[in-house]
Every structure is written in structure tokens, then in C-alpha cells.
Amino acid sequence: MMKLLALLALSLFPFLLLSPKVIADLSSDRQALLDFASAVPHLRKFTWNTNSSICTWHGVSCNSDETRVVALRLPAIGLYGPIPENTIGRLDALTTLSLHSNGLKGNLPSDITSLPSLRFIFLQENQLSGEIPSSLSSQLNFIDLSFNSFSGEIPTTVQNLTSLTGLNLQNNLLTGSIPNVNLPRLRQLNMSNNQLNGSIPRSLAKFPASSFQGNSLLCGPPLTRCPSFAPSPSPFPSLPPLSPIPPSRVLPSSPTIPEKLKGKKSLSTGVIIGIVAGGIGGILGLAVLIFLCCMKQYYTTRGVQERKDFNGGGSPKQTEDFSSGVQAAEKNKLVFFGGCSFNFDLEDLLRASAEVLGKGSYGTTYKAILEEGTTVVVKRLKEVVVGKREFEQQMEIIGTVAQHGNVVALRAYYFSKDEKLLIYDHVPGGSLSTRMHGNRELGRTLDWESRLRIAHGAASGIAHIHSVAGGKLIHGNIRSSNVLLTHDNSGCISDVGLTPLMGSPTIPSRSAGYRAPEVIETRKCTQKSDVYSFGVLLLELLTGKAPVQPPGHDEVVDLPRWVQSVVREEWTAEVFDAELIKFQNIQDEMVQMLQIAMACVAKVPETRPDMNQVVQMIEDIQQSDSGNRPSSEDNKSRSPTSPTP
């Protein structure tokens with residue numbers, strides 16, 4: 001009996017040793033979180049129920065056996081003030097920290113970045129300052145410290161992070177040269193808009209120029225070629241310290257140069273000019289730096305205030321949730337198309353910070369920024385009338401259409417009884433409608449070359465859509481808000497193939513001005529009705545007028561009819577946008593484009609050209625006399641509204 005009890009005690013001994021440690025770990029994590037919450041103010045009403053398990057607290061995730069806290073996600077909840085040391089840094093099992101889009105400021109404690117298990121850190125869009133800690137966990141997989149006020153040099157310890165796949169440091173105040181890193185898994189890099197200098201390491205030359213732009217003293221591929229001499233690590237050369245003059249040598253009242261100094265060589269005129277120029281440059285550089293810091297502080301503070309206004313009951317436009325109808329049992333049924341490089345699931349998408357881009361006839365569109373830094377566009381469809389099988393079949397067709405440079409790519413979708421979501425690539429330039437009609441008070445307009453490029457890109461995208469599915473696919477909702485602009489002002493068509501999912505409801509008023517006469521009568525779209533809608537889009541580019549005006553405005557609604565009436569009276573110059581007719585050498589091209597538009601909006605569908613023919617006609621305009629056409633900069637310089645330098 002005694003032997004049995006001894007064996008039982010020995011078998012339980014490891015458990016008796018382990019249990020207090022597990023309890024202590026949970027208790028330590030709990031206290032660390034409570035210390036953090038009590039030390040950091042927050043605008044939004046935010047509390048943790050201390051009577052429940054910490055694994056159920058908002059933003060807190062535990063491991064599978066609920067013995068340790070492994071993730072803390074509190075983005076955009078109005079946190080502000082410094083991050084205290086010895087709080088989050090005590091969560092030594094933490095793998096993910098996400099506190100982005102808050103108002104946190106001050107230094108980033110090194111006990112956080114050195115956490116042994118930390119893999120993902122997302123602190124972008126705060127007011128953090130000071131140097132980036134050099135103590136970085138070797139397990140780090142993604143770092144996002146962008147849109148803060150970090151200064152000093154990028155720590156050289158970054159080169160030891162062999163598991164790093166993403167590094168976002170843009171829009172800070174970082175100085176010095178970029179460390180010579182060679183990280184085999186690095187796929188995303190952004191160091192733009194800092195004060196970095198020197199040459200870009202060869203190992204990073206594979207990244208696009210946008211990763212380094214905004215650093216005027218950086219050179220080398222993919223930016224401009226470095227000069228033959230090594231650039232100075234500082235914008236101003238350092239001067240040797242001046243030796244103090246002994247008191248016996250000071251001659252306060254002597255009007256002449258002492259004899260013993262006459263033989264010494266004085267400073268040359270060039271050196272004096274250099275010193276003066278350097279001093280003036282230093283003063284100007286300091287003034288610019290102070291100005292940039294003030295502006296950054298202003299916009300960051302304004303962003304926090306906007307979040308405060310929203311949390312206090314303001315407009316929900318900024319962060320409206322698109323996840324309310326997603327069922328918990330279906331949270332992993334996000335369907336990706338082949339060839340998509342995105343690596344996230346539906347839970348990651350629903351945790352992302354979202355901003356409403358617009359509300360259209362087919363649903364609401366959001367811009368979502370995931371924690372790993374990926375930006376996507378999510379369209380939440382409404383009034384879908386087809387079942388799951390028909391929906392999935394249409395998605396497969398749309399996924400095939402998206403393999404074209406002028407069609408916005410559909411990357412994934414989600415289908416449930418109550419919710420249908422589409423995930424697209426993010427196109428940074430916004431919509432043509434916003435660019436043409438939303439920015440005029442700011443003086444930003446599109447020149448003729450840009451309008452030609454947009455027209456050609458949109459036409460190419462529609463022609464590709466019409467060639468898919470045996471030439472039977474239609475778009476059905478072509479308008480300027482569905483033409484998105486890339487960085488080089490090329491037009492991309494969005495919302496492809498959604499019309500069959502919606503049945504044939506009444507035509508939304510915001511789309512009525514683009515609808516062909518036969519569609520208004522029959523409620524049935526065809527490829528020829530797409531051509532008509534594109535013709536209205538061309539007239540919008542030429543006239544600068546929107547086919548559908550906001551409520552309360554007695555302006556043009558039927559744009560083709562108005563253009564026809566003006567042309568019939570031979571007031572052709574009255575047709576074109578006033579921003580275009582002030583320039584020379586493009587009137588012939590505008591008239592040719594007007595002829596294409598009028599052919600597209602012909603009343604009889606059979607007389608309208610095919611989109612392939614439209615593409616060819618636009619290309620003919622682009623090629624005709626392109627050498628004599630003034631460039632965008634020339635046009636700006638000839639504009640009577642351009643400021644005098």
C-alpha cells in the first residue's frame with residue numbers, strides 16, 4: 001500500500017509543479033492587461049469584465065488550451081497617450097499585437113518588440129515617436145510602424161529577422177542610410193516619405209520605386225542612379241571644431257591685421273560661399289522639418305478627433321460594419337479564385353478597419369485594411385435574387401473576366417443566406433466620377449491626354465468583358481462611378497457581371513442618365529446597351545457634365561439629347577468642357593471623339609459600333625498627330641489660370 005501511494009505521488013509530482021505555473025501565467029497575463037487598460041486612456045467606452053475569463057475579453061485571444069494570451073487586437077478604439085513599460089511587455093506568449101489607428105504617442109517600449117514569441121506588430125496610424133527599438137524578436141513576421149513620428153536610424157538588427165515578410169515604415173521622420181538587409185522571405189516593403197539618405201542596398205532594388213519615394217537624398221535602383229562619389233551621410237558636411245583663441249591673442253580694438261597673421265592663408269571665396277549656403281540651407285531644412293512635424297501632428301490629432309466624434313454618435317460613414325449578416329458557423333467559407341496571392345480568412349477580413357467608399361445601386365462598397373497591411377475593397381451586395389448555385393456560377397465567370405489590366409480583379413467572395421460579399425483589388429486613384437465632379441473647387445482637373453487614356457482603358461475593359469463567355473456577357477451598369485483610375489490615369493471597369501444577380505428591379509435614378517432607351521422600356525440589358533452607356537461616358541469626359549445631377553439642380557439630365565441640340569445649332573464649341581477648349585491643337589481630336597460618342601448613343605441599337613471598333617477608333621485618335629499634341633505640363637503652363645512662378 002505504501003509503495004502504491006509513493007508511485008501515485010511520483011506520477012502527480014510534475015502536475016503539481018506545473019499547475020501553479022499555469023495559474024501564475026494566466027494571472028500574470030490578466031494583471032498585465034489590466035495594468036495596460038488602467039494606464040492608457042481611451043475615448044470609446046471600453047471595459048473588460050473582470051468576472052469572466054480573460055480569453056473572452058474584447059480584443060484578447062488565448063491559445064487552444066486557454067493557458068496564455070497570444071493576441072491583443074484593439075485597433076481604432078480611441079486609445080491615446082504613451083504605452084507604459086512593463087505592461088504589454090509582460091505578455092511573454094504574445095504573438096500578435098494590433099493597436100493601429102489610435103492616438104498612442106511617446107516612445108515604443110523595447111520590452112514589447114523584444115517579446116520572444118511576437119510575430120506580428122501593427123502600430124500604424126498613431127503618434128509614436130523616438131527611435132525604433134533595436135531589440136527585435138527574431139520571430140517577427142510582419143512589422144507596420146507607418147504613419148507615426150519615429151525618428152533616428154532604422155535599426156541594423158532588422159537584418160537578423162529572417163522570417164520577416166513585410167516591413168512598413170513609411171511616413172515617419174527616419175534618417176540615415178538603409179541597412180544592407182538580405183531577407184529571403186521579404187515580400188512587402190515601404191520606406192517612403194522619410195528623410196533617409198545614401199544608396200539603396202542591392203538586395204532591396206527589386207522593390208518598386210514607390211517603396212522609397214519621398215526621400216530626396218536616396219539614390220540607386222529603383223530610383224535615380226547614384227553619383228560616382230559616395231554621398232555624404234548628412235545633408236551638410238561636418239566642419240572641424242574651431243580651436244579657442246587664447247585671451248592674450250584677442251585684440252578688440254586693433255583695426256589692422258597682426259603681422260604674424262599676415263602670412264597665413266585666408267579662407268577662399270568659394271569656402272565662404274559654401275559655409276554661408278550651408279548655413280542658409282540648414283536653417284531652411286530645419287524650418288521645413290518643423291513645418292512637416294506640425295502638419296503631421298495636426299492631421300493625426302484631427303484623425304483621433306474624427307474617431308472621437310464617431311464614437312460619440314457621429315456619422316457612421318467612416319467605419320460602418322459590413323459583417324453584421326455573417327453567420328458564425330460559416331466564418332471560414334471565403335472562396336478565393338485561382339492565382340490569388342491573398343493570405344487571409346473571413347475572420348481576418350471582419351476584424352479589418354473599414355471605411356465606406358460609396359453606396360450604389362448594387363450595394364455598399366468599403367475599403368478594408370487588414371492587419372498585415374493588405375488593402376482590399378469589399379462590396380456588400382443587396383437584393384440578390386439568385387440561389388447559391390447560380391451565384392457561384394456567375395462568380396466563376398466574373399473571376400475569368402478579371403484577368404485583364406482594365407478590369408478590376410475579383411479575388412474572392414462569400415455567400416450565405418443573409419450576406420453576400422465580394423472582395424476586389426484596391427485601385428488607388430478613386431472613381432472617374434469623383435475625379436471629374438468632386439474636385440473642381442480645388443482646381444484639380446483632367447487634361448486631354450488623361451481623358452484619352454481613361455477612355456481607351458475603359459473601352460478596352462468593356463471590349464474584353466464582351467469577349468468572355470462566348471461573347472454573351474454584358475456589364476449592364478456602365479457609369480463614371482464604376483470607372484476606377486490607376487496611378488497613370490488608366491481607366492478600369494468595376495462591378496462586372498453583377499446585373500444578372502439582381503434580377504431586373506426598377507432603374508436607380510443615379511444610373512438613369514446612362515441607360516439606353518430600349519433598356520428603360522424593356523428592363524433588359526445587352527452588349528449594345530453597354531455601348532450606349534459608354535457613349536454617355538465619353539460625352540461626360542468631353543463636356544465635363546454629369547448625366548445625372550444632384551437633387552435640386554435644374555441642369556442636364558439627358559446628356560445625349562443636350563449635345564445633339566447644341567451640335568444641331570452649330571454651337572460646337574459650347575459642347576466641350578471649358579477646361580479643355582482653352583488649349584490649342586486638340587480641337588480636332590475632341591471633335592473626332594465627339595463623333596465616336598454620338599455613334600455610340602444612336603437610338604437604334606443595331607447602328608451602334610461594337611466595343612472592339614470603339615477601341616480601334618480611340619487608338620486612331622491617340623496616334624494621330626500625337627507628336628504635336630501638347631503634354632500635360634505644356635497644357636498647364638498655357639492655362640490662363642496657372643500661377644506665375
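Asks: In this structure, what is going on with the sheet that holds strand E18 (residues 375-381)? I would like to understand it.
Replies: Strands belonging to one sheet form pairs held by backbone hydrogen bonds; the direction of such a pair is parallel or antiparallel. Overall, antiparallel pairing links the six strands, which are arranged E15-E19-E20-E18-E17-E16 in an open sheet. Two strands close off the open sheet at either side, each with one partner strand: strand E15 (335-336) and strand E16 (353-360). Note: E15 against strand E19 (residues 410-415), two bridges, orientation antiparallel. Note that in E19 the partner of Val335 across the bridge is Tyr413. Where helix H6 (residues 388-401) meets the sheet, its contacts fall on E18, E19 and strand E20 (420-425), and the angle it forms with E19 comes to roughly 175 degrees.

Asks: What am I meant to see in the side chain of Glu540 here?
Replies: In this fold, Glu540 is placed in helix H10 (residues 527-543). According to the relative accessible area criterion, Glu540 is buried, its value standing at 1%. At 3.1 Å, the side chain of Glu540 forms a polar contact with the side chain of Ser480. Within the structure, Glu540 has its side chain in polar contact with the side chain of Tyr514 (distance 2.7 Å). With residues up to four places along the chain from it excluded, the contact list for Glu540 reads Met436, His437, Ser480, Tyr514, Lys545, Ala546, Pro547 and Leu559.

Asks: Explanation requested: the sheet that holds strand E2 (residues 69-73) in the structure shown.
Replies: Here seven strands make up an open sheet; going across it, the order is E1-E2-E4-E6-E8-E10-E12 and the pairing mixed. Both edges of this open sheet fall to strand E1 (60-62) and strand E12 (188-190), since each of them pairs with a single strand only. Recorded for the sheet is a direction-independent mean angle of 15 degrees between the axes of neighbouring strands. In this structure, strand E6 (residues 120-122) lies alongside strand E8 (residues 142-144), joined through three bridges in parallel fashion. What sits directly across from Phe120, in E8, is Phe142.

Asks: Could you clarify how one ought to interpret the pattern of salt bridges in this entry?
Replies: Charged atoms that come close allow side chains of opposite charge to pair. A complete count under the given rule lists 11 salt bridges for this structure. For the salt bridge of Lys379 with Asp495, the shortest nitrogen-to-oxygen distance reads 3.5 Å. Linking Lys379 in strand E18 with Asp495 in the loop between strand E22 (491-493) and helix H9 (517-522), this pair joins segments that are 116 residues apart in sequence. Exposure remark for Asp495: the relative accessible area of 6% places this residue in the buried category. A salt bridge links Asp577 to Arg451; its shortest N-O distance comes to 3.1 Å. Within this pair, whereas Asp577 is found in the loop between helix H12 (572-575) and helix H13 (578-581), its partner Arg451 is found in helix H8 (residues 448-467), the two being separated by 126 residues in sequence. Several salt bridges converge on common partners, so that one network encompasses Asp25, Asp29, Arg68 and Asp92.

Asks: Would you mind going over the side chain of Ser494 with me for this structure?
Replies: Looking at where Ser494 falls in the secondary structure, it is placed in the loop between E22 and H9. The class of Ser494 is buried, set by a relative accessible area of 9%. The contact partners of Ser494, leaving out residues within four places of it in the chain, are Val408, His475, Asn482 and Leu484.

Rules behind the numbers
Residues numbered from 1 in each chain as written. Predicted model: local features only at pLDDT ≥ 70, side-chain atom pairs only at ≥ 80, totals over all residues. Heavy atoms only, no water. Pairing = 2+ DSSP bridges. Helix = DSSP H or I, 4+ residues; strand = E, 2+ residues; numbered from the N terminus. Contact = heavy atoms within 4.5 Å. Axes fitted to C-alpha atoms, helices over the stretch in contact; angles between N-to-C directions. Buried < 20%, exposed > 50% of the residue type's maximum accessible area, 1.4 Å probe, protein only. Polar contact = N/O pair within 3.5 Å; in protein donor to acceptor, adjacent residues only side chain to side chain. Salt bridge = Lys/Arg side-chain N within 4 Å of Asp/Glu carboxyl O.

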